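Structural overview for review
Here is how the chains run, residue by residue.
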Amino acid sequence: MTCFSCAYQFSGEGPLPAGVTSVYIPIFENRSGEIGIENFFTDDLINEFILKRKSALRTQADAEATITGIIEYVRVITIAHRTQRRSTQRRVIASAALRLTDAKGRILWSASGITSNEAYEVTDDKMATEQNKREALKVLSRRLAENLFNRLTDNF
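For clarity, every value in this text was computed on a predicted model and none was experimentally measured.

Another aspect to go through is the overall build of the chain. Summing up its helical and strand segments, the chain has two helices and five strands in all. From first element to last, N terminus to C terminus, the chain shows the α and β order β-β-α-β-β-β-α. A principal-axis box enclosing the C-alpha atoms of the chain has dimensions of 65 × 50 × 20 Å. For the chain, the residues scored as buried account for 39% of the 156 residues in total. Sequence-distant contacts, at least 24 apart, represent 68% of the contacts inside the chain between residues at least 6 apart. In the form shown here, the chain has an accessible surface area of approximately 9,600 Å², with 48% of it arising from carbon and sulfur atoms.

Here we take up the environment of K133. Mapped onto the fold, K133 is located in helix 2 (residues 126-153). Those residues within four positions of K133 in sequence are excluded, and the remaining contacts are E34, V76 and Y120.

You can see R53 is positioned in helix 1 (residues 37-53). Overall, R53 belongs to the buried group, its relative accessible area being 17%. At a separation of 2.7 Å, a polar atom in the side chain of R53 contacts the main-chain carbonyl oxygen of G14.

Located in the positive-phi region is A18, a residue other than glycine, with phi close to 60°. Within the secondary structure layout, A18 lies in the segment before strand 1 (23-24). What makes A18 exposed here is its relative accessible area of 60%.

Per the counting criterion, the structure on display carries nine salt bridges. The salt bridge partner of K133 is E34, with a shortest N-O separation of 2.6 Å. Here K133, found in helix 2, pairs with E34, found in the loop between strand 2 (29-30) and helix 1; they are 99 residues apart in sequence, far enough to count as distant. Taken individually, K133 and E34 each receive the classification buried, so the pair is uniform in this respect. For E118, the salt bridge identified is with R143, shortest N-O distance 2.7 Å. Residue E118 is found in strand 5 (residues 107-121), and its partner R143 is found in helix 2; the two are separated by 25 residues along the sequence. Within this structure, E34, K133 and R134 form a network of salt bridges that share partners.

What counts, and where the lines are drawn
Residues numbered from 1 in each chain as written. Predicted model: local features only at pLDDT ≥ 70, side-chain atom pairs only at ≥ 80, totals over all residues. Heavy atoms only, no water. Helix = DSSP H or I, 4+ residues; strand = E, 2+ residues; numbered from the N terminus. Buried < 20%, exposed > 50% of the residue type's maximum accessible area, 1.4 Å probe, protein only. Contact = heavy atoms within 4.5 Å. Areas by Shrake-Rupley, 256 points an atom, 1.4 Å probe, with all protein chains shown as cover. Polar contact = N/O pair within 3.5 Å; in protein donor to acceptor, adjacent residues only side chain to side chain. Salt bridge = Lys/Arg side-chain N within 4 Å of Asp/Glu carboxyl O.

Shown next as structure tokens:
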């Protein structure tokens, strides 16, 4: 009996680009108007590494490379209306970029325009609507971190 195997692997299971084995992830740069979301995005990417590649995380002094992230934008669009002037549901859309650089600052890998989105309910209570938006941003951030990690480790 002869066995053949292919090099197929699940998304996110490939090696890091350029043979990098250890990385440092500083806080994302936030170019959006959403205050504080850089913490969600950074923490969620670090959590993806903890779940899938914990051994690669290092301090800045010990890492071969640095992964810098940029929140390029956050936009909100209305997707459902109660009346012409009142919405019942909105969608928050975020775009991020990642860059992997070596200790000398050379770019080893980069990707931009990676987006994710999440819908949230709009209520008559502005505070509740803001909380719904914040929760949608958290969900979006987790999904985006998974997409970023998978893009970074895809080995095509």
